[in-house]
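Each chain is listed here by its residues.
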Amino acid sequence: MNKKKKARDKKGLDEAKASSSSSSSSSPSSSSRAVEIYDTTLRDGSQLEGISLTVNDKLRIASQLDYLGVSYIEGGWPGSNPKDSEFFTRAKDELELETSQLVAFGSTRRPNGTFEDLEPLINAGTDVVCIVGKSWDYHVTEALRTTLEEGIAMVVDSISHLKKQGKKVFWCAEHLFDGYKENPDFAMEILTAAGEAGVDCLVLCDTNGGSLPHEVGEITKTVLENIPETAVGVHLHNDTDCGVGNALAGVMAGATHVQGTINGYGERTGNSNLISVIANLELKLGIQVLPEGNLQRMATVARHVAELVNFSPNPHQPYVGVSAFAHKAGLHTSALSRKSDAYEHVDPEKVGNSTRYVMSEMSGRASVELKAKELGIEVDSATMSEVVDTLKRLEYEGYHFEVADASLELLMLGASGWEQPYFSVESFSVGVKHKHGDQARVWNELAVEMETEAEVNLVVSGQQVSAKAEGNGPVNALHSALDEALSPHFPEFKKMQLIDYKVRVLDTAATATKAVTRVLIETTDGEQIWNTIGVSENIVEASWQALVDSIVWGLRHQGN
Ligand SMILES: [Zn+2]
């Protein structure tokens, strides 16, 4: 790069600095600009520890992404492992995408390699491909162990070859932000060369995730000023807890393509969380990125994808968490009943979430009335006083309804005269047998063989029903026995899965001399999540109460 060009780059950076410090809001043109959302949950997202996706999982997640309406779904890296190759083969037959385009990811050709290196990518059969290549000189010479000329040629040749195959080509400029900070000349030289080779989008990557929003904004702006004819995107990680902020900074500087993952899943601390990125772009910056009306699908999609990757949805996740619009303080709730936007930064329905009024000992009658309204339960004035008194007593005994909405709903329904019509319980029992004496206590072996068996005796539709089942613990065994007994009558039982079970031993005011156990159970049917509670001196009894509430609530909300 010549001296004049370099001086221009520096000037661009200074101007970006000046403009970012003089205006804290979006640039005036941002409201009219379209921004593409590129999801990489299936590749970068699956790098998160604890996530392991089958091909079926990947296909189901891709359907969810299409339902949400992102522009691009990166399916994986064909050729890097059999699973990703199988995904692209099956996707052709099984995925019917309505709004999104599938993208195959891969690398540029190898140093001194041939176009054969690109074959698996081409053979994946997608119209769009995304290739990664190094843009930091240090990585070219030290990681690739090749010359800077060859580093540039690898990128340029690969883009040209893929363009000749008729593909839309995105180039992920790996380590671009770190590379630019170390050697802006080389970074700009390789980006310019990629642009001249006809790349459809230069994706600036913060691979190590250490950048801050002002840096992402400044560098993105400089790149756009120097290479104005090529679209620029950003791919950011969350290592400074700025994954979303960095994405917004990129867009405000002119990027028209944002990569990220659902719920921010990704290696280390994750990628930019697309759920928050999308909501912020649409609701705060006025940039529509999803098809009209699809923003309301966000909460469902965020929860569904969490289930598919087998993670508990984060209740405190902005916009879509169950607590994102939860109100506890009495002052808030009484004001909210009068004016709903007084304590909510956006209307929760816009993202498919809802306002929740959290019940606690702090709640007055107004909160309980609001809660009943939220749950759609009609309670007359006398019953309402009864419910308020019951709640106060139960909280005193150790119940904690703010985390058990489903049990609260059943309690209110009960007070208004509703009786659950599904089954009644005659008795249950659980037996746990440990057969190994002292020998079984081996610290590095978690799985000591135990025998756990439960039996339930119920009445369902006037018939006596008994069932026995084994389990890996008392709650699991009871759940399995209930499954045996109830599934033939209620097939939807099979959809319900316990996703969390929490136990706490409490010293409550009511039971100063003896401790009680509080059990919280979280259940899902793949779309909704509900929480129930049980309190007893006996842990099995407390678990049973929470379990029965969970099933009754589930059946009631499956159209029974
Ligand atoms: Zn990444």
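Residues numbered from 1 in each chain as written. Predicted model: local features only at pLDDT ≥ 70, side-chain atom pairs only at ≥ 80, totals over all residues. Heavy atoms only, no water.

**Student:** Tell me about the overall build of the chain, and please be specific about residues and values.
**Tutor:** Scanning the chain from N- to C-terminus turns up 18 helices and 16 strands. Here the analysis covers contacts within the chain between residues at least 6 apart in sequence; of these, 69% occur between residues at least 24 apart. Put simply, the chain shows about 25500 Å² of open surface, and 47% of that area lies on carbon and sulfur atoms. (Helix = DSSP H or I, 4+ residues; strand = E, 2+ residues; numbered from the N terminus. Contact = heavy atoms within 4.5 Å. Areas by Shrake-Rupley, 256 points an atom, 1.4 Å probe, with all protein chains shown as cover.)

**Student:** Got a sec to walk through the state of the cysteines? Specific residues and values, please.
**Tutor:** This structure, assessed with the given rule, holds zero disulfides. No disulfide involves Cys-172; its nearest neighbouring cysteine sulfur is the one of Cys-130, lying 3.6 Å away. Cys-172 provides the cysteine sulfur closest to Cys-205, a residue in no disulfide bond, and the two sulfurs are 3.9 Å apart. Residue classification places Cys-205 among the buried residues on the basis of a relative accessible area of 4%. (Disulfide = S-S within 2.5 Å. Buried < 20%, exposed > 50% of the residue type's maximum accessible area, 1.4 Å probe, protein only.)

**Student:** Can you break down the sheet that holds strand β13 (residues 463-470) residue by residue, with the values?
**Tutor:** Across the sheet, three strands lie side by side as β11-β12-β13; this open sheet has antiparallel pairing. Each edge of the sheet is formed by a strand with only one pairing partner; in this case those strands are β11 (424-434) and β13. With direction set aside, neighbouring strand axes in the sheet form an average angle of 10 degrees. Here ten bridges tie β11 to strand β12 (residues 450-460), and the two strands are oriented antiparallel to one another. The residue bridging Val-432 from the neighbouring strand is Thr-452, located in β12. (Pairing = 2+ DSSP bridges. Axes fitted to C-alpha atoms, helices over the stretch in contact; angles between N-to-C directions.)

**Student:** Describe the pattern of salt bridges, with residues and values.
**Tutor:** One pass over the structure, following the stated rule, counts 21 salt bridges. Across the pair Glu-86 and Arg-90 runs a salt bridge, and its minimum N-O distance is 3.6 Å. Here the residue Glu-86 and the residue Arg-90 both occupy positions in helix α3 (residues 82-94), the gap between them amounting to four residues, near one helical turn. In this structure Glu-86 comes out as partly exposed when scored by relative accessible area, which is 37%. Relative accessible area serves as the criterion here: at 22%, Arg-90 is assigned to the partly exposed category. As a salt-bridge pair, Lys-502 and Asp-500 come within 3.0 Å of each other at their nearest N and O atoms. A single salt-bridge network, built from bridges that share partners, covers Arg-356, Lys-371, Glu-374 and Asp-405. (Salt bridge = Lys/Arg side-chain N within 4 Å of Asp/Glu carboxyl O.)

**Student:** For unusual backbone geometry, give the residues involved together with the corresponding values.
**Tutor:** Residue Tyr-319 is not a glycine yet carries a positive backbone phi of 70 degrees. By the element assignment, Tyr-319 lies in the loop between α12 (298-308) and β9 (326-327).

**Student:** I'd like a description of the packing of aromatic side chains, backed by residues and values.
**Tutor:** With the rule as written, the count across this model stands at eleven aromatic pairs. Aromatic pair Tyr-399 and Phe-401: ring centres 5.6 Å apart, planes at 10 degrees, arrangement stacked. For the residue pair Tyr-399 and Phe-401, the accessibility class agrees, reading buried in each case. Residues Tyr-422 and Phe-490 carry aromatic rings whose centres are separated by 5.9 Å and whose planes lie at 90 degrees to one another, so their mutual orientation is edge-to-face. Highlighted residues: Tyr-422 in the loop between α16 (405-415) and β11 and Phe-490 in the loop between α17 (474-486) and β14 (497-506), separated in sequence by 68 residues. Relative accessible area serves as the criterion here: at 5%, Tyr-422 is assigned to the buried category. Pairwise contacts between aromatic rings join Tyr-38, Tyr-72 and Phe-170 into one cluster. Geometry around Phe-87 places Lys-58 over its ring, the cationic atom sitting 5.3 Å from the centre. One residue, Arg-556, lies across the ring of Trp-418, its end atom 5.1 Å from the ring centre. (Phe/Tyr/Trp six-rings, centres within 6.5 Å; stacked < 30°, edge-to-face > 60°. Lys NZ or Arg CZ within 6 Å of the ring centre and 35° of its normal.)

**Student:** Help me get a handle on the coordination of the zinc ion, residues and values and all.
**Tutor:** Bound to the zinc ion on the protein side are Asp-44 (OD), His-235 (NE2) and His-237 (NE2), at distances that span 2.0 to 2.1 Å. Sequence positions of the residues that donate to the zinc ion give the spacing D-x190-H-x1-H. Of this pair, Asp-44 sits in the loop between β1 (36-39) and α2 (55-68) while His-235 sits in strand β7 (residues 232-236), and the two are 191 residues apart along the sequence. (Donors = N, O, S within 2.8 Å, 3.2 Å for Na, K, Ca; no water.)

**Student:** Describe in detail a nonpolar patch on the surface, supporting the description with residues and values.
**Tutor:** Taken together, the side chains of Tyr-501, Val-503 and Ile-539 define a hydrophobic patch exposed on the protein surface, amounting to about 230 Å² of accessible area. Mapped onto the fold, Ile-539 is located in helix α18 (residues 539-556). Looking at Ile-539, the relative accessible area reads 39%, which means it is partly exposed. (Patch = residues over 30% accessible without salt bridge, like charges linked within 9 Å, V, L, I, M, F, W, Y side chains within 5 Å.)

**Student:** Which residues make up the sheet that holds strand β4 (residues 128-134), and what are the values?
**Tutor:** Taken in spatial order, the eight strands of this closed barrel run β1-β2-β3-β4-β5-β6-β7-β8, and their pairing is parallel. Put simply, the sheet's adjacent strands are angled 25 degrees from each other on average, direction ignored. Taken together, the four bridges between β1 and strand β8 (residues 257-260) define a ladder with parallel strand orientation. From the neighbouring strand, Glu-36 faces β8, where its bridge partner is His-257. The sheet strands contacting helix α10 (residues 243-252) are β6 (201-206), β7 and β8, and the helix crosses β7 at an angle near 170 degrees. Most of the contacts of helix α11 (residues 274-284) go to β1, to which it runs at about 170 degrees, and overall it touches β1 and β8.

**Student:** How would you sum up the confidence of the model for the chain? Please name residues and give values.
**Tutor:** Should pLDDT be low for a region, the predicted coordinates there are not to be read in detail. On average, residues of the chain score 87 in pLDDT, and 87% of them are at 70 or above. Between residues 1-33, whose pLDDT stays under 50, and residues either more than four places distant or in other chains, the model counts 41 contacts. (pLDDT = per-residue confidence, 0-100.)

**Student:** Give me the lowdown on helix α6 (residues 148-164), citing residues and values where you can.
**Tutor:** Note that an α-helix has 3.6 residues per turn; residues three or four places apart therefore point the same way. Between its first and last C-alpha atoms α6 spans 24 Å; for 17 residues at 1.5 Å apiece the expected length is 24 Å, and the two agree. Along α6, the residues that are buried comprise Glu-150, Gly-151, Ile-152, Met-154, Val-155, Ser-158, Ile-159, His-161 and Leu-162. Where α6 is buried, its residues meet α4 (119-123), β4, α5 (137-142), β5 (168-174) and α8 (184-196). Count one or two residues on from α6 and you reach Gly-166, which has phi positive near 85 degrees. (Expected span 1.5 Å × (residues − 1).)

**Student:** Tell me about the nonpolar core, residues and numbers included.
**Tutor:** By size, the foremost hydrophobic cluster in this structure holds 88 residues, and its most contacted members are Phe-87, Trp-171, Leu-191 and Leu-281. For Phe-87, the residues in contact, after removing those within four places along its chain, are Leu-42, Val-55, Lys-58, Leu-59, Ala-62, Gly-75, Leu-95 and Leu-102. Ranked by size, the runner-up nonpolar core spans 53 residues in total, among them Leu-394, Ala-404, Ala-454 and Val-475. (Core = buried A, V, L, I, M, F, W, Y, C linked by side-chain atoms within 4.5 Å.)

**Student:** I'd love a proper account of the environment of His-139, names of residues and values included.
**Tutor:** Turning to its location among the elements, His-139 is positioned in helix α5. Overall, the relative accessible area of 18% leaves His-139 in the buried class. Sequence spacing of His-139 and Gly-151 is twelve residues, and the spatial spacing of their C-alpha atoms is 9.4 Å. The contact partners of His-139, leaving out residues within four places of it in the chain, are Lys-134, Leu-144 and His-175.

**Student:** Would you mind going over the environment of Asp-347 in detail, with residue names and values included?
**Tutor:** If you trace the backbone, Asp-347 turns up in the loop between α13 (330-338) and β10 (356-357). On the basis of relative accessibility, which here comes to 39%, the residue Asp-347 falls in the partly exposed class. In sequence terms Asp-347 and Tyr-319 are 28 residues apart; their C-alpha atoms lie 9.7 Å from each other. For Asp-347, the side chain forms a polar contact with the main-chain nitrogen of Glu-349, separated by 3.0 Å. (Polar contact = N/O pair within 3.5 Å; in protein donor to acceptor, adjacent residues only side chain to side chain.)

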